[in-house]
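Observations on the model geometry
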Amino acid sequence: MPAANKHNGASPETAWAELMRAGLAGDAAAYRQLLEAIAPRLRKFAVNGLLRSGIGNADAEDVVQEILLAIHLKRQTWMQDQPFLPWLNAIARHKLIDVMRRRGRRGEVPIEGLIEILPDEAAAPETSHSELNKLVSRLDGKSQTVVSSISLDGNSIKDTAAKLGMSEGAVRVAFHRGLKKLAELYRAGEAA
Amino acid sequence: MKTDDLIASLAADGPAHRPLRPLFAAAAILGTLCAFALFMLTLGPRPDVDQALHTMRFDFKCVVMFILAVTTFFVARDMTRPEVTRSRLRPLLWAAPLLLILSVAVELIVMPPDTWMPRLIGQNMPYCTTMIPLFALAPLALMLWVFRQGAPQNPVRAGAIAGLLAGGIGATLYAVHCFDDSPLFVATWYTLAITFVTGLGALLGARLLRW
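Once a new chain begins, its residue numbering starts again from 1 and follows that chain's sequence as written. Key to labels: chains lettered from A, ligands numbered from 1, both in the order written. Local features in this predicted model are restricted to residues of pLDDT 70 or higher, and side-chain atom pairs are both shown and tallied only at a pLDDT of 80 or more, whereas totals for entire chains, interfaces and linings draw on every residue. Just so you know, side-chain values use all the structure's heavy atoms and leave hydrogens and water out.

**Considering the confidence of the model for chain A**
Residue and element names in this part refer to chain A. How sure the predictor is of each residue is captured by pLDDT, a score from 0 to 100. Of all residues in chain A, 80% attain a pLDDT of 70 or more, and the chain-wide mean is 83. Secondary structure is summarised from DSSP: a helix means a run of H or I of at least four residues, a strand means a run of E of at least two, and numbering begins at the N terminus for each. Highest mean pLDDT in chain A belongs to helix H1 (residues 13-24) (94); lowest belongs to helix H5 (residues 131-137) (86). It only takes one pair of heavy atoms within 4.5 Å for two residues to be counted as in contact. Counting interchain partners and residues more than four positions distant, the pLDDT-below-50 stretch residues 1-8 has three contacts.

Structure follows, in structure tokens:
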């Protein structure tokens, strides 16, 4: 059977790869749609992984958010002529293993990838005490103001620039730096 | 923070990106240029390089080191991708060592045994083992930087391959300077120097290439 056959029906490979290609070319709406489609699968993936390793799934949503951040920050490592799902799986696994290691568990991750598991239809839980909120408060000066304004208060880059009296370019730079720093803080996490 | 809000803000960060492959090539070229500049400022090519180019041993050692650098480049570039556990290009890495082993065998056959030790020890051993790592420093720094933009599955292995590539670049340049052309010398001291850079890369990779 030709390999293409595998990607019919349930597998989102083709659709996701197209959204990712559009996103990388600058289409923010497509990119957002992709991340929204990925999130429910990540949720199930994180819950499965955490339960299996005996950590408990109380903070699965933190893991989902950390994986989403990694997908975003490492998006340039997907080669557009290669399949998308193996790339996505590799990132999700890598971060889940990292989370387990930080909690002193052996990095045993479910063998099945994101595609084999059914998405969790349950809506994203309200996470008022999310890890990410704590980490944002540990960012320094400008990064913290910018990331809070955009990620927590939901302001646009433009509005944030106007509010803070910065250029849009400067806001973009500070925002991107802030996101990178957040990924680092996650990694250093737990200990702090 | 709700996950939907995070997603919205990631989309706002701008999904457009800087493709990794060209960046990787640029880092390797820039690293080579830095090493080349340092090479010209310090050792430079040997004075009789014109004649040396007509000798088989000189050409061979330069070509083997160049092959090491080029093959490592492609394997290393593959290893910046998170889904690559074992690069399909990995067998390429055997090319340089096999050629080197082959040349050692030929040297042992064609040269009488009492010349083996002098040829192995050579004249330049202290230079070789210090200058190759020195020339490799700038390429190593740049390769580690570009690996940080990537998502290597294993930080230690990624650091090691970055070190091997940097060592290969340093050794190619150094080969153009050195008078010791015997495969016995090259297989011993170049290998030692390149192994050192590879180990340094692995050590730094363990610290710098986690993500």
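**A few points about the interface of chain A and chain B**
When the parts of a complex come together, some accessible area is lost, and that lost area is often taken as the interface size. Across the boundary between the two partners, chain A contributes 50 residues, which contact 31 residues of chain B. When two components associate, each loses some accessible surface as probed by a 1.4 Å sphere; the sum of these losses over both components is called the buried area. For the pair chain A and chain B, the summed buried surface comes to about 3500 Å²; carbon and sulfur atoms form 61% of the total. Salt bridges, as used here, are contacts in which a Lys or Arg side-chain nitrogen is within 4 Å of a carboxyl oxygen on Asp or Glu. In this assembly, chain A and chain B are joined by zero salt bridges. For the side of chain A that touches chain B, the secondary-structure elements that each account for two or more residues are H1, helix H2 (28-52), helix H3 (60-73), helix H4 (84-102), H5, helix H6 (141-152) and helix H8 (168-188) of chain A. Top contributing element to the side of chain A that touches chain B by residue count: H4(A), with eight residues. Three classes are used, and their members are as follows: Ala, Val, Leu, Ile, Met, Phe, Trp, Tyr, Cys and Pro are nonpolar, Asp, Glu, Lys and Arg are charged, and the others, Gly among them, are polar. Split by residue class, the side of chain A that touches chain B holds 21 nonpolar, 14 polar and 15 charged.

**Observations regarding the pattern of salt bridges**
Here the structure, examined in full by the defined rule, presents 15 salt bridges over all chains. When the shortest N-O distance is used, the salt bridge between A:Arg102 and A:Asp98 registers 3.2 Å. Highlighted residues: A:Arg102 and A:Asp98, both in helix H4, separated by four residues, approximately one helical turn. B:Arg46 is the partner of B:Asp181 in a salt bridge, and the nearest nitrogen-oxygen pair spans 3.1 Å. A residue pair is termed long-range when its members are at least 10 positions apart, and B:Asp181 in the loop between helix H8 (155-177) and helix H9 (183-208) and B:Arg46 in the loop between helix H2 (20-42) and helix H3 (49-52) qualify at 135 residues. Relative accessibility under 20% of the residue-type maximum defines a buried residue, over 50% an exposed one, and the middle range a partly exposed one, all with a 1.4 Å probe and only protein chains included. Owing to a relative accessible area of 13%, B:Asp181 belongs among the buried residues under this scheme. Salt bridges sharing partners connect three or more residues here, namely A:Glu66, A:Lys95, A:Asp98 and A:Arg102.

**Observations concerning the environment of B:Pro152**
Along the polypeptide, B:Pro152 turns up in the loop between helix H7 (125-149) and H8. Residues B:Pro152 and B:Pro82, spaced 70 residues apart in sequence, show a C-alpha to C-alpha distance of 5.2 Å. Beyond its immediate chain neighbours, meaning those up to four positions away, B:Pro152 contacts A:His94, B:Met79, B:Thr80, B:Phe147, B:Ala158, B:Leu209 and B:Trp211.

**Brief notes about the packing of H3(A) against H4(A)**
All names here are of chain A. Simply put, an axis is a line fit to the C-alpha atoms, just over the touching stretch for a helix, and the angle between two N-to-C directions goes from 0 to 180 degrees. The contact between H3 and H4 brings their axes to 9 Å, and the two run at 130°. Taken together, the axes of H3 and H4 lie oblique to each other. The chirality of how H3 crosses H4 is right-handed. Residues Val63, Glu66, Ile67, Ala70 and Ile71 of H3 form the contact with H4, whose own contacting residues are Trp87, Leu88, Ile91, Ala92, Lys95, Leu96, Asp98, Val99 and Arg102. Taken together, the residues of the contact of H3 with H4 break down into ten nonpolar, no polar and four charged. Here the angle decides the label: under 35 degrees means roughly parallel, over 145 means roughly antiparallel, 65 to 115 means roughly perpendicular, and every other value means oblique. The sense of a crossing depends on the near helix, which, turned anticlockwise from the far helix by less than a right angle, makes the crossing left-handed and, turned clockwise, makes it right-handed.

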